[in-house]
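What the coordinates show
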Amino acid sequence: MPIEVENLSYTYMPESTQSVAALQGINLRIADGEFVGIMGRTGSGKSTLIQLLAGLLTPTRGRVLLDGRDIAAKDYDRSILRRTVGIVFQYPEYQLFETTVAKDVAFGLKHSGLNHVEVTSRVRKALEIMGFDYDKIHNQSPLALSGGEKRRVAIAGVLAVQPKILIFDEPVAGLDPQGRYSFMQLTARLHQGGTTIIMVSHNTDVLSEYTERLVVLEHGQIALEGLTKDVFMQLPTHDHLPVAMSTAQEIAYMLAARGMNLPQGIITYDDLLFALKAKLGGGEEAP
Amino acid sequence: MKQPLTGRFIPGDSPVHALDARAKLICLILLLAAVVSAGTVYGYGLILAVISVILLVAELPLHLAVGPAWRMWPFLSVIFIMNALFFTATDPLWSWWIFHISLAGVQQGIHVVTNVALIMIISNALTLTTAPLEITKALASLIKPLRLIGIPTDDVAMIISVAIRFVPTLLEEADMIKKAQIARGARFESKRLTEKAKSYLPLIVPIFIAAFRRADELALAMEARGYHGAGRRTPQRPAPLRLPDYAALMVCMTVSILQLALLR
């Protein structure tokens, strides 16, 4: 189910003299199975955009089309949207409320019409994807878990619905390097399984390594958009954009400044490693 | 978003917005006194004129300024009917059992309904043009004299302003939690009352947890910044009232006094 955005605008407090135009005339198409990153400084409209995509806000102007159908239309069946688009907010752990982990993860399936056996199997699967042992955890209180575990349980609650499109708002903020790595591995697996991933993040390393396409928002408009590699390549010529280069890219620039000639287009650590190997002639066992 | 009945603040840069909240609070009291003591057509005309000027200068859209009072029409109708039916039994135009419609009763009904509507419009004009925190600060400064009779006004002010300060934060958090639950399939519309109450659990539990977490964090942060109770704080001298504030006070005072003069 491709998700399309046509001339989308959103204004907060439209009645006030201090109304804020959060988005202005956005056009975007995200095809099935894409992994799209959204970058931009705080207040550039990222969160507004993903809430509009998930149908949680109603556009001031323009439309959001899921599979060609306007999700804000009166006759649109919202339950299709809820089953198709999952959204994980910045602190998903705050949405936990049930008495047991299993009940909380199953919450989204309440109106799905699935029977008890199917619900349990989905809950088990979602918890296992998030790295839990179902038999150990399902009867615990979600509120008594550690911060990281809470977050994983909350994400399992979104995965249990098995959405075809998954939206993440700053999912790696506040995670330690190990947590960040395993979370991104999980996301990559979901993506390989055919799920469309839309990820808002400030972390350029994560975006450069994992996304296929990038959208850079600035003042509620798309400032830069294209394949991840192309966007990062263009960044140095867009000084006004508040988006940093990836670390590997920065290292390549620093080396170039000290006279080491590396090929163009180094974005990820693998690119850098490959270029250095070729340059230094190191064997297979180079670091 | 549903329109709240009253109490919404619409930021703006009109002269009314710019007035000192203390002046606006006193003006509110003066104008309320004027409404209550108004008794003649001229009196009400004067108040209507003042209200129109305030709304025009504040650049408030009519539906926001008058809407909340307008939406109270069922309540206002009941007040009117009760007054018309029960005000007095002398000189009835129409009588049946215990109900007596009299001219005086109808007049009294119009009088009370007009007063309530005007009071709502005036106080609504205050909350529309003044940030809630400004109103609390003004209140805190106006209750200062109560310290003389042993009321810890600084603590009261701190409690009120912290509470009000966190209303938008918690609303925002509640909004986020609501969206998260809707996104994973929660439904908040149900016909049966027990179902309806249950359907709000996914909202209420996280909001309570969030409120306690906020309170803990705030207490720690305040302590870390050296807060030891309001009593030992050095006072912050509020900015003095400026010319427009005094002008507004004078106008409102004049309106009140004119009302009393018109009564005689």
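Residues numbered from 1 in each chain as written. Chains lettered and ligands numbered in written order. Predicted model: local features only at pLDDT ≥ 70, side-chain atom pairs only at ≥ 80, totals over all residues.

A closer look at helix α8 (residues 132-142) of chain B
By the burial criterion, the buried members of α8 of chain B are Ile135, Thr136 and Lys137 of chain B. Elements that come into contact with the buried residues of α8 of chain B comprise α2 (21-37) and α9 (153-183) of chain B. (Buried ≥ 20, exposed ≤ 12 C-beta atoms within 10 Å, placed from the backbone. Helix = DSSP H or I, 4+ residues; strand = E, 2+ residues; numbered from the N terminus. Contact = placed C-beta atoms within 7 Å.)

Quick word on the domain arrangement of chain B
Here chain B is described as being made up of domain 1 (15-130 + 241-263) and domain 2 (144-232). Here the C-alpha centroids of domain 1 of chain B and domain 2 of chain B sit 33 Å apart. (Domains from an automatic or database assignment.)

Focus on the interface of chain A and chain B
At the junction of the two partners, chain A supplies 23 residues and chain B supplies 21 residues. Breaking the side of chain A that touches chain B down by element, the ones donating at least two residues are β6 (85-88) and α6 (147-159) of chain A. The residue makeup of the side of chain A that touches chain B, split by class, is eleven nonpolar, nine polar and three charged. (Nonpolar A, V, L, I, M, F, W, Y, C, P; charged D, E, K, R; others polar.)

As for the sheet that holds β6 of chain A
All names here are of chain A. Reading across from one edge, β6-β7-β8-β3-β9-β10 is the order of the six strands in this open sheet, with mixed pairing throughout. Pairing within the sheet leaves two strands with one partner each, and these edge strands are β6 and β10 (221-227). Recorded for the sheet is a direction-independent mean angle of 15 degrees between the axes of neighbouring strands. Taken together, the four bridges between strand β3 (residues 35-39) and strand β9 (residues 213-218) define a ladder with parallel strand orientation. Bridged to Val36 within β9 is Arg213. (Pairing = 2+ DSSP bridges. Axes fitted to C-alpha atoms, helices over the stretch in contact; angles between N-to-C directions.)

A short note on the environment of Glu250 of chain A
Residues and elements named next belong to chain A. Along the chain, Glu250 turns up in helix α10 (residues 247-257). Look at Glu250 and you get partly exposed, because 14 C-beta atoms sit within 10 Å. In this structure, the C-alpha to C-alpha distance between Glu250 and His219, residues 31 residues apart in sequence, is 26 Å.

Topic: the packing of helix α3 (residues 41-57) of chain B against helix α7 (residues 103-129) of chain B
Residues and elements named next belong to chain B. Interaxial distance between α3 and α7 falls to 11 Å at its minimum, and their mutual angle equals 25 degrees. In terms of axis orientation, α3 runs roughly parallel to α7. For the crossing formed where α3 meets α7, the hand is left-handed. On α7, the residues that touch Tyr44, Ile47, Ile51, Ile54 and Leu55 of α3 are Thr114, Leu118, Ile121, Ile122 and Ala125. Its residues assigned to classes, the contact of α3 with α7 comprises nine nonpolar, one polar and no charged. (Parallel < 35°, antiparallel > 145°, perpendicular 65-115°, else oblique. Left-handed = near helix turned anticlockwise from the far one by under 90°.)

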